[in-house]
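Here's the letter readout for the chains.
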Amino acid sequence: MTIKLVNSVSDKMKRFSRKETIAFYQSIMERAWQQIETAGTPEVKSQMYDQSLEWTMLDKNYDQRTRTFFVGPIFLRCGGPL
């Protein structure tokens, strides 16, 4: 069963380039960080971060980069009223 699964996935992946796929998602991640970096106010920066969280987490330096961009007051949105 495992061999059949591996062969099936391999057949489906023949037309895809791993290198191009990595570059594609890397560019999305960099655009997400760029939007956060260029946000004007801490509120907008936090909002952009919230919207792009899944993409920014792809960064190998996610933790350090987050600490670099968020110095001073940080505003986090909650799902509902407090």
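Scroll up to find the structure this text is about.
Report on the accompanying structure. What you see is a predicted model; the values in this text were computed from it and never measured. (Residues numbered from 1 in each chain as written. Predicted model: local features only at pLDDT ≥ 70, side-chain atom pairs only at ≥ 80, totals over all residues. Heavy atoms only, no water.)

Concerning a nonpolar patch on the surface
Piece 1. Together, Leu5, Val9, Met13 and Phe16 give the surface a local cluster of nonpolar side chains, amounting to about 420 Å² of exposed area.
Piece 2. For Met13, the location among the structural elements is in the loop between helix 1 (2-12) and helix 2 (18-38).
Piece 3. Its relative accessible area of 46% is what places Met13 among the partly exposed residues. (Patch = residues over 30% accessible without salt bridge, like charges linked within 9 Å, V, L, I, M, F, W, Y side chains within 5 Å. Areas by Shrake-Rupley, 256 points an atom, 1.4 Å probe, with all protein chains shown as cover. Salt bridge = Lys/Arg side-chain N within 4 Å of Asp/Glu carboxyl O. Helix = DSSP H or I, 4+ residues; strand = E, 2+ residues; numbered from the N terminus. Buried < 20%, exposed > 50% of the residue type's maximum accessible area, 1.4 Å probe, protein only.)

Some words on the pattern of salt bridges
Piece 1. Going through the model one piece at a time under the given rule, you end up with five salt bridges.
Piece 2. Two residues, Arg65 and Glu30, come together in a salt bridge whose shortest N-O distance is 3.2 Å. Here Arg65, found in helix 4 (residues 62-69), pairs with Glu30, found in helix 2; they are 35 residues apart in sequence, far enough to count as distant.
Piece 3. The buried category is assigned to Arg65, whose relative accessible area is 19%.
Piece 4. Measuring nitrogen to oxygen at the nearest pair gives 3.2 Å for the salt bridge that ties Arg67 to Asp63. Taken as a pair, Arg67 and Asp63 lie in helix 4 at a separation of four residues, close to a single helical turn.
Piece 5. The class of Arg67 is exposed, set by a relative accessible area of 53%.
Piece 6. Residue class for Asp63 comes out partly exposed when judged on its relative accessible area of 45%.
Piece 7. A single network of salt bridges, built from pairs that share partners, joins Glu30, Glu37, Asp59 and Arg65.

What about the packing of helix 2 against helix 3 (residues 42-56)?
Piece 1. Helix 3 packs onto helix 2 with a crossing angle of 165 degrees between their chain directions and a minimal axis gap of 9 Å. Between helix 2 and helix 3, the crossing angle belongs to the class labelled roughly antiparallel. Remark: the crossing between helix 2 and helix 3 carries left-handed chirality. Every residue of helix 3 that contacts helix 2 at Tyr25, Ile28, Met29, Ala32, Trp33, Gln35 and Ile36 is listed here: Lys45, Met48, Tyr49, Ser52, Trp55 and Thr56.
Piece 2. A breakdown of the residues in the contact of helix 2 with helix 3 according to their chemical character gives nine nonpolar, three polar and one charged. (Axes fitted to C-alpha atoms, helices over the stretch in contact; angles between N-to-C directions. Parallel < 35°, antiparallel > 145°, perpendicular 65-115°, else oblique. Left-handed = near helix turned anticlockwise from the far one by under 90°. Contact = heavy atoms within 4.5 Å. Nonpolar A, V, L, I, M, F, W, Y, C, P; charged D, E, K, R; others polar.)

In short, shape yes, function no, at least from these values alone.
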